[in-house]
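Analysis of the macromolecular model
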Amino acid sequence: MKSLSRAVIAAFTICIAYTITAVALAVKGIYLPDTLTQYFFITFGVEFAATASIKIAKSVISGKETQNLIERLKQENLPVDKADITQKGDNDYDDYGGQYYG
């Protein structure tokens, strides 16, 4: 499992645990400060937004790399095969351009 997926699962688990704890304490008559709850969920909201933006950026970069590969193949008058443009894996680098997107 990828580290971003682990981070999202951990964040959801922590949010659920906090909610359960807050409800259990409220049933017993102990209320957590509203500001604590607000900033707790804002923190994890920012975490989810950052994770989503990383995933979107990786997808955009991958799409641009595929487009560049297709353009290079067309410029060299080589046939574009489906195997040439499919994802080769989830590596942090590719063998085409020598660029690193870590």
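Residues numbered from 1 in each chain as written. Predicted model: local features only at pLDDT ≥ 70, side-chain atom pairs only at ≥ 80, totals over all residues. Heavy atoms only, no water.

With that settled, the discussion passes to the packing of aromatic side chains. Applying the stated criterion across every chain yields a total of five aromatic pairs. Ring geometry for Tyr18 against Phe41: centres 5.7 Å apart, planes inclined by 80°, an arrangement best described as edge-to-face. Taken as a pair, Tyr18 in helix H1 (residues 3–27) and Phe41 in helix H2 (residues 34–75) lie far apart in primary sequence, 23 residues in all. For Tyr18, a relative accessible area of 13% puts it in the buried group. Given a relative accessible area of 35%, Phe41 falls into the partly exposed group. One aromatic cluster in this structure is built from Tyr18, Phe40, Phe41 and Phe44. (Phe/Tyr/Trp six-rings, centres within 6.5 Å; stacked < 30°, edge-to-face > 60°. Helix = DSSP H or I, 4+ residues; strand = E, 2+ residues; numbered from the N terminus. Buried < 20%, exposed > 50% of the residue type's maximum accessible area, 1.4 Å probe, protein only.)

Let's shift gears to H1. Its 25 residues place the ends of H1 36 Å apart at the C-alpha level, agreeing with the 36 Å of an ideal helix rising 1.5 Å per residue. Buried within H1 are the following residues: Leu4, Ala11, Cys15 and Tyr18. Buried residues belonging to H1 abut H2. Looking at the residues trailing H1, positive phi occurs at Gly29, about 95°. (Expected span 1.5 Å × (residues − 1). Contact = heavy atoms within 4.5 Å.)

What follows concerns the confidence of the model for the protein chain. For residues with low pLDDT, the predicted coordinates do not support detailed interpretation. Confidence in the prediction for the protein chain averages 82 pLDDT; 79% of positions are at 70 or higher. Element-level pLDDT for the protein chain is lowest in helix H3 (residues 82–85), with a mean of 68, against a maximum mean of 93 in H1. Below pLDDT 50 for its whole length, residues 91–96 participates in eleven contacts with residues either more than four positions away or in separate chains. (pLDDT = per-residue confidence, 0-100.)

On to the nonpolar core, then. Nonpolar side chains tend toward joint burial in soluble globular proteins. Among the nonpolar cores identified, the biggest contains five residues, and these are Ala11, Cys15, Tyr18, Phe40 and Phe44. Put simply, the parts of the chain that give this core at least two residues each are H1 and H2. Looking at this core, the element that brings in the most residues is H1, giving three residues. Beyond its immediate sequence surroundings of up to four residues, Cys15 is in contact with Phe40, Phe41 and Phe44. (Core = buried A, V, L, I, M, F, W, Y, C linked by side-chain atoms within 4.5 Å.)

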